[in-house]
Protein chains: 2
Amino acid sequence: MDLVLIAIVLGLLAVVYGVITSRQVLNSGAGNVKMQEIAGAIQEGAQAYLKRQYTTIAFVGVVVAVIVYFFLGPILTTGFVIGAVLSGVAGFIGMNISVRANVRTAAAAQSGLQQGLTVAFRAGAVTGMLVAGLALLAIAGFFYVLTTQMGLDLTVLEEKREVIDALVGLAFGASLISIFARLGGGIFTKAADVGADLVGKVEAGIPEDDPRNPATIADNVGDNVGDCAGMAADLFETYVVTVGATMVLTALLFTGLASDELKALMSLPLLVGGVCIVTSIIGTYMVRLGSSNNIMGALYKGFITTAVLSIPAIWWATDYAVGMGTSFTVDDMTFTGMSLFWSMMVGLAITGLIIWITEYYTGTQFRPVRSIAKSSETGHGTNVIQGLAISLESTALPTLVIVVGIIVTYQLAGLMGIAFAATAMLALAGMVVALDAYGPVTDNAGGIAEMSDLDQSVRDKTDALDAVGNTTKAVTKGYAIGSAGLAALVLFSAYTADLKEFFPNLEVSFSLENPYVIVGLLLGALLPYLFGAMGMTAVGRAAGDVVVDVRDQFANDAGIMAGTSRPDYARTVDLVTKAAIKEMIIPSMLPVFAPIVVYFAIYWATGSQAEGFAALGALLLGVIVSGIFVALSMTAGGGAWDNAKKYIEDGNHGGKGSEAHKAAVTGDTVGDPYKDTAGPAVNPMIKITNIVALLLLAALAAG
Amino acid sequence: MDLVLIAIVLGLLAVVYGVITSRQVLNSGAGNVKMQEIAGAIQEGAQAYLKRQYTTIAFVGVVVAVIVYFFLGPILTTGFVIGAVLSGVAGFIGMNISVRANVRTAAAAQSGLQQGLTVAFRAGAVTGMLVAGLALLAIAGFFYVLTTQMGLDLTVLEEKREVIDALVGLAFGASLISIFARLGGGIFTKAADVGADLVGKVEAGIPEDDPRNPATIADNVGDNVGDCAGMAADLFETYVVTVGATMVLTALLFTGLASDELKALMSLPLLVGGVCIVTSIIGTYMVRLGSSNNIMGALYKGFITTAVLSIPAIWWATDYAVGMGTSFTVDDMTFTGMSLFWSMMVGLAITGLIIWITEYYTGTQFRPVRSIAKSSETGHGTNVIQGLAISLESTALPTLVIVVGIIVTYQLAGLMGIAFAATAMLALAGMVVALDAYGPVTDNAGGIAEMSDLDQSVRDKTDALDAVGNTTKAVTKGYAIGSAGLAALVLFSAYTADLKEFFPNLEVSFSLENPYVIVGLLLGALLPYLFGAMGMTAVGRAAGDVVVDVRDQFANDAGIMAGTSRPDYARTVDLVTKAAIKEMIIPSMLPVFAPIVVYFAIYWATGSQAEGFAALGALLLGVIVSGIFVALSMTAGGGAWDNAKKYIEDGNHGGKGSEAHKAAVTGDTVGDPYKDTAGPAVNPMIKITNIVALLLLAALAAG
């Protein structure tokens, strides 16, 4: 059977799993009337936000599509549209299941921790499998249409170029939508969260998720549009870009292979993605609490099942697609199917290690979180200092893991080894996203339990589920940026290979001895900082708007605080929506325009196109070298701050209401935009910068 | 007259200026008995700290000297010893004048703002001119002995190598001492500051510098050992490394010049340093308040005088040493003396722009500080979020300035253009350090005024002087790291040139297409993060010790809070001393061992020496590309937080004691280790990494 068709069938399997599992979630009890009323308000707010966000994105998307069409032709534009639409769909479906599962998780938690975990995790699994399935379907389906239906021949230079362009277009569409979704959703969720906390917990002295707080629905809406829809779009993008880049690099490097062999090698990432959907689905059924009620342990069971089963599955896929003993030669390097298999094993190992390291840095039972909790005893300042120290430190081990991964896979199979390691990492996306997407569901479930006055025991259960959610949320971000560390090399190679193909007579020096390379590295390294600054400022500003609105509601209706009249939740949701949409535009444009500006500026300053390309290439690596640290430090640090607060709330260092707790709330507030706005958006930002550079090359070559 | 002799004479002039001006400072009135008593305690504490720090450093220094002697021979070791000793001397003298000027500034401020400014600035000028003078004397004197007394001929490969080795040794000695001084002093000053604030302001509710606080003397000692002695050692190092690297690069690149011509070109940086000592001295006499009492304006007058006079001075030096019209050729590039002159003008412009940008980000009259102050109204969390956003943002403009500087100077005169721009930046060190070193004097003066119950009007004057000090302190750090951005390229070129000379048959690829280059970049980029984490953690831990000690003193003697018995200041000073010395060792060793470990690890993993050198070279650039952002963000962010607090204390947003003020105190506490411990120590760390790489090359070649 055609390899690509197998991948398509397995992609469809993920969709079928999604449909069946979402039915199961929806069939679970939806709680009492009050709970449903609250959940309805959250649902309504989330849909209103997403509608407005998608309208804005659609507008930008159409403008970009027209420009792309004008400069780069119909096939690339088609890819762009497919990538953009499916990235949006992944986010939309994820959010829709999330806003329905939240209340059902709260209801199920009334029966027990296992029941709550089951509903929440199933909801996460729906999002996870749909992200992986839709991403696989997008690439495999498009590739199938191009190479089989349209009959493009990969050994004919011009036809191969069309396939490459199509895949780059697909990646661009996915990335552009995902940066908007990540950033818009991230600004929404943290503006609402920080605003609600400031005016509720700090000023009015009412607990989190108190129904008297007008911003509380907005806060819960935020979990869904940021942590769920934004995250889903982001991981969809990471999947498409990583697998797409591996295929593009294969097409660019293997110029001597026969058509069938090349097609088989290009299809291998798709087949690996397909078989890992099967192993991910099996893994989801293994998530159950043991006798110790260890939630993280239950999730680990699912992940480990998937990872272990993926070993023979990837073996089979490699052997079936290209043959274990088949040998390939690129430049001076010769390797076999077996080398690719081992490279993918390294990818699985990296994924496992990053999960483990992230748990260490964000779990309540280890030194980092406890050191932040302890430092809260001496005040707000020391809490933040220790949190920043941990966030800086947390970059070390993941970087070492990535570095060792690069060295080992490069020795196994050169650039293809690195590319396949990244592919194998993303092949587990279904499972990893499932672990992540369960977080916002339990977070919301806790909110609904609080607002509808459920028993404290229910809230205890949702809190326990949520604390683990903070870790799994950090895991996905570390995993996404870690894979970006590997994919960056692949994307950069695609850039240099493209450059040689488009401008064969241009001598471009990417040596560190070339000062324009240093200039590019510095400018690239600046981007995550500037982008982070914009994201943090946006959250601060939008949160300020929330505070003003809530103060105004309290001032105009004393009944709200008395509990006799209902606050105008929709007004706050609407306000945050507008603020988030407005704030997301400019930072999202930064990575789109930066590569273009840098290329032309250096070209203009030096009069040399080669130096322009050298600086642009260095920019691509500068943005990853700096971005990986900014993103890792922000996401792990934010998770650690959040869980240090939870650790204190569990009764340590004086517990809730103590001075240490107040300091920990400050740390949590600081960590919020770090981990949920600026940090995670760095990942799509890196990808966009890289893809825009590829598009620029194509446009310059065409012009 | 011999060019080098002129430089030596001008270096001596700086020392003479230092002696005369310090007499003037010491002849100023030293205040009443109580003031002198307090100043005596600070002096005693500072000397005790420095004695212990120097003992420890001496121990490490002797061990390192023996290793260096064993592997690299006597000349390099001699350089090492001279650099180390003079770096220590610069810090020692700076601190000694500072601990005497503080009380005199407080006394003079009783007469008026101008009088206070004069004493404090003169003290700063002594430190500044001694740093520049001693640094110039060290390089010029050593160079004179080598080339004239010992008669080493620069056109004979082996004799030139001895001169290069000597200069590298000098730089290594200076750097090693300065990282200890920066880090040890930085940990001391901020542990004492944060600890005193936490237990004083926050717990006991007594004002800053209240004599009842046992940690208050330690806090004031810290200003002297960290902001003065540590800073002086750091800038001494920056001067020696930058000017030394320019000379080394000249020696390595210009292999075709006649002996006299080469010596003249190598002496030009020394002569430029010399003439700028004269312009700096003239500048110091221009620092006076105008009718508007604008302190920053008064300091600007001095700086602008120096900068403007330096233009003709550098013109003369260039023309006298090498001739404006003389043309040189390196590789394919030809340039003239005039090109070098213009490159140095760019260096002056970069210095001016960095000062101006730093003032914008840390001055109380501009948007950044005001935005942090405003965000304090909504609490601790939003203050920190906004501060972090500003700290991220503050990296953008300096980076652009450095990038434009690199492009312009490279086009003017290739690598030599970049090297001479960095040299011109450091030539102004006398003036820049003078502006900086005035800060801790006024900070101390404020403390003494408070502790000895001087009139509030005196405290107002010292506070006004101190607020400007926060900006000038940030300026020096931005300036040091900015010059490091340029010097990094010079040091990297020295590394590649050395590599070619030592291993002529080794093909090393520094291209970004080489994965080991990426590995090196990532590991290099990690170093500032890890180093920053260690520095922040050390401050947190040592501050915790202070809190425990002070609580203990309060508990055991109720008379302290009542004001009837004197706290045991010396005990706290001693405790912080021990903690700081203990904590400084491991982080200081990180940049020493990292290059060695990375080289051997990659060599071992790949079996290729060339890849080991490629990764090591990339590490050198990774550490600067990441370090520049870490350092800039930390130093500017910390200054902004500090001045946001001062802005609120001036009566804005509710003034002292308001909720906004409490939030601003938290921000200030967070900013403390950022700006005074971790951030500034990144600069010597970058240099050490680079120098150790050069030493490793030499050792491997010799072995």
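So, how was this worked out
Residues numbered from 1 in each chain as written. Chains lettered and ligands numbered in written order. Predicted model: local features only at pLDDT ≥ 70, side-chain atom pairs only at ≥ 80, totals over all residues. Heavy atoms only, no water. 1 Å grid on protein atoms, 1.4 Å probe; cavity = no way out; pocket = protein on both sides within 12 Å on 5 of 7 lines; lining within 4 Å. Points joined across faces, edges and corners; volume = space filled by probe spheres on them. Helix = DSSP H or I, 4+ residues; strand = E, 2+ residues; numbered from the N terminus. Nonpolar A, V, L, I, M, F, W, Y, C, P; charged D, E, K, R; others polar. Expected span 1.5 Å × (residues − 1). Buried < 20%, exposed > 50% of the residue type's maximum accessible area, 1.4 Å probe, protein only. Bend = angle between axes of the 7 residues up to and from the residue. Core = buried A, V, L, I, M, F, W, Y, C linked by side-chain atoms within 4.5 Å. Contact = heavy atoms within 4.5 Å. UniProt positions renumbered as here; feature names shortened; annotations may be inferred. Polar contact = N/O pair within 3.5 Å; in protein donor to acceptor, adjacent residues only side chain to side chain. Phe/Tyr/Trp six-rings, centres within 6.5 Å; stacked < 30°, edge-to-face > 60°. Salt bridge = Lys/Arg side-chain N within 4 Å of Asp/Glu carboxyl O. Least-squares fit on C-alpha atoms with pLDDT ≥ 70 in both. Pairing = 2+ DSSP bridges. Buried area = accessible area lost by both parts, 1.4 Å probe. Axes fitted to C-alpha atoms, helices over the stretch in contact; angles between N-to-C directions. Parallel < 35°, antiparallel > 145°, perpendicular 65-115°, else oblique. Left-handed = near helix turned anticlockwise from the far one by under 90°.

A few words now on empty space enclosed by the protein. This structure, assessed with the given rule, holds 13 cavities of 30 Å³ or more. Taken together, 16 residues form the lining of the largest cavity, with Leu 392 and Tyr 674 of chain A together with Leu 392, Tyr 529 and Tyr 674 of chain B sitting closest to its centre. Elements that contribute at least two residues to the lining of the largest cavity include exactly helix H11 (380-393) and helix H18 (609-649) of chain A together with helix H11 (380-393) and helix H18 (609-649) of chain B. A breakdown of the residues in the lining of the largest cavity according to their chemical character gives 12 nonpolar, 4 polar and no charged.

For the rest of this paragraph, the subject is H11 of chain B. Over its 14 residues, H11 of chain B extends 20 Å from the first C-alpha to the last, a length consistent with the 20 Å expected when each residue adds 1.5 Å. For H11 of chain B, the tally of buried residues reaches 14 of 14 residues, placing the bulk of the element in the interior.

Residues spaced three or four apart along an α-helix face the same direction, because each turn holds 3.6 residues. Residues and elements named next belong to chain B. With 48 residues, helix H5 (residues 157-204) should cover 70 Å at 1.5 Å per step; its first-to-last C-alpha distance of 67 Å lies within 8% of that length. Of all the bends in H5, the greatest, near 25 degrees, is centred on Asp 197. For H5, the buried fraction is high: 41 of the 48 residues fall into the buried class. Residue Gly 205 follows H5 closely and has a positive phi angle near 70 degrees.

Sizing a probe to match a water molecule and rolling it over the atoms shows the empty space that remains. Each pocket or cavity is described by its volume, and for the second largest pocket that value is around 850 Å³. Along the walls of the second largest pocket sit 29 residues, with Glu 513 of chain A together with Val 330, Asp 331, Tyr 410 and Leu 415 of chain B positioned nearest its centre. Contributing elements (two or more residues each) for the lining of the second largest pocket: helix H15 (515-556) and H18 of chain A together with helix H6 (216-253), strand S2 (333-336), helix H12 (396-427) and helix H14 (456-502) of chain B. Tallied by class, the residues present in the lining of the second largest pocket amount to 15 nonpolar, 7 polar and 7 charged.

Counting 584 residues, the largest nonpolar core has Tyr 495 of chain A together with Tyr 495 of chain B as the members making the most contacts within it. Residue contacts for Tyr 495 of chain A: discarding those within four places in its chain leaves Phe 510, Phe 613, Leu 616, Gly 617, Leu 620, Ala 693, Leu 694 and Leu 697 of chain A.

Structurally, the position occupied by Leu 512 of chain A is in the loop between helix H14 (456-502) and H15. In sequence terms Leu 512 of chain A and Ala 618 of chain A are 106 residues apart; their C-alpha atoms lie 9.1 Å from each other. Those residues in contact with Leu 512 of chain A, other than ones at most four positions away along the chain, are Val 517, Ile 518 and Leu 521 of chain A together with Phe 492, Phe 510, Leu 512, Val 517, Ala 618 and Leu 621 of chain B.

Moving on to the UniProt feature "site: Determinant of potassium independence" (unreviewed entry) in chain A. All names here are of chain A. Taking the UniProt record as the reference, the feature "site: Determinant of potassium independence" (unreviewed entry) is found at Lys 473. Along the polypeptide, Lys 473 turns up in helix H14. Once residues within four sequence positions are removed from consideration, Lys 473 is found in contact with Asp 227, Asp 436, Gly 439, Pro 440, Asp 443 and Asp 676. Polar side-chain contacts of Lys 473 include one of 3.2 Å to the side chain of Asp 227.

For any two aromatic rings, the description comes down to two numbers: the centre-to-centre distance and the angle of the planes. Residue and element names in this part refer to chain A. Taken as a whole and judged by the stated rule, the model has 44 aromatic pairs over all chains. Judged by centre distance (4.8 Å) and plane angle (65 degrees), the ring pair of Tyr 49 and Phe 188 falls under edge-to-face. Here Tyr 49, found in helix H2 (residues 33-72), pairs with Phe 188, found in helix H5 (residues 157-204); they are 139 residues apart in sequence, far enough to count as distant. Here Tyr 49 falls in the buried class, since its relative accessible area comes to 0%. Centroid distance Trp 316 to Tyr 320: 4.9 Å. Interplanar angle 15 degrees. Geometry classified as stacked. Residue Trp 316 and its partner Tyr 320 are located together in helix H8 (residues 295-321), separated by 4 residues, close to a single helical turn. With relative accessibility at 39%, the residue Tyr 320 sits in the partly exposed group.

Once that is clear, we can look at the pattern of salt bridges. All names here are of chain B. Applying the stated rule across the entire model yields 56 salt bridges over all chains. Arg 182 is the partner of Asp 234 in a salt bridge, and the nearest nitrogen-oxygen pair spans 2.8 Å. Residue Asp 234 is found in helix H6, and its partner Arg 182 is found in helix H5; the two are separated by 52 residues along the sequence. With a relative accessible area of 2%, Asp 234 lands in the buried category. Residue class for Arg 182 comes out buried when judged on its relative accessible area of 4%.

All right, on to the relation of the copies chain A and chain B then. Rotating chain A by 180 degrees about the axis while translating it 0.0 Å along that axis superimposes it on chain B, leaving an RMSD of 0.0 Å. Taken together, these values place the two copies in the relation of a two-fold axis. Residue Ser 511 of chain A, judged by its C-alpha, is the member of chain A lying nearest the rotation axis, at 1.9 Å. Interface overlap between copies is the fraction of interface residues in one copy that are interface residues in the other; for chain A against chain B it reaches 100%, indicating a shared surface.

In this section: the pairing of strand S1 (residues 327-330) of chain B. Residues and elements named next belong to chain B. The side-chain alternation of S1 yields one buried face, formed by Phe 328 and Val 330, and one unburied face, formed by Ser 327 and Thr 329. Relative to S2, S1 runs antiparallel, the two being bridged by 4 bridges. Pairing of Phe 328 across the sheet is with Phe 335, part of S2. Between S1 and S2, which pair antiparallel and follow one another directly, the connecting turn spans 2 residues, one of which, Asp 331, has a positive phi of 50 degrees.

As a further point, take the interface of chain A and chain B. Contacts between the two partners involve 65 residues from chain A, matched on the other side by 65 residues from chain B. Together chain A and chain B conceal approximately 6000 Å² of surface at their shared face, both sides included; 82% is due to carbon and sulfur atoms. If you look at where chain A meets chain B, you find 2 salt bridges. Glu 513 of chain A is the salt-bridge partner of Lys 500 of chain B, the closest N and O atoms lying 3.3 Å from each other.

All names here are of chain B. Contact geometry of helix H1 (residues 3-27) with helix H4 (residues 113-149) gives a least axis separation of 8 Å together with a crossing angle of 155 degrees. With respect to their mutual orientation, H1 and H4 come out roughly antiparallel. You can see that H1 and H4 cross each other, and the crossing is left-handed. In terms of residue class, the contact of H1 with H4 is built from 20 nonpolar, 7 polar and 1 charged.

Counting through the fold element by element, Glu 393 of chain B comes out in helix H11. Exposure remark for Glu 393 of chain B: the relative accessible area of 16% places this residue in the buried category. Each residue touching Glu 393 of chain B, except ones within four places of it in the same chain, is listed here: Ala 533 of chain A together with Tyr 361 and Arg 367 of chain B.

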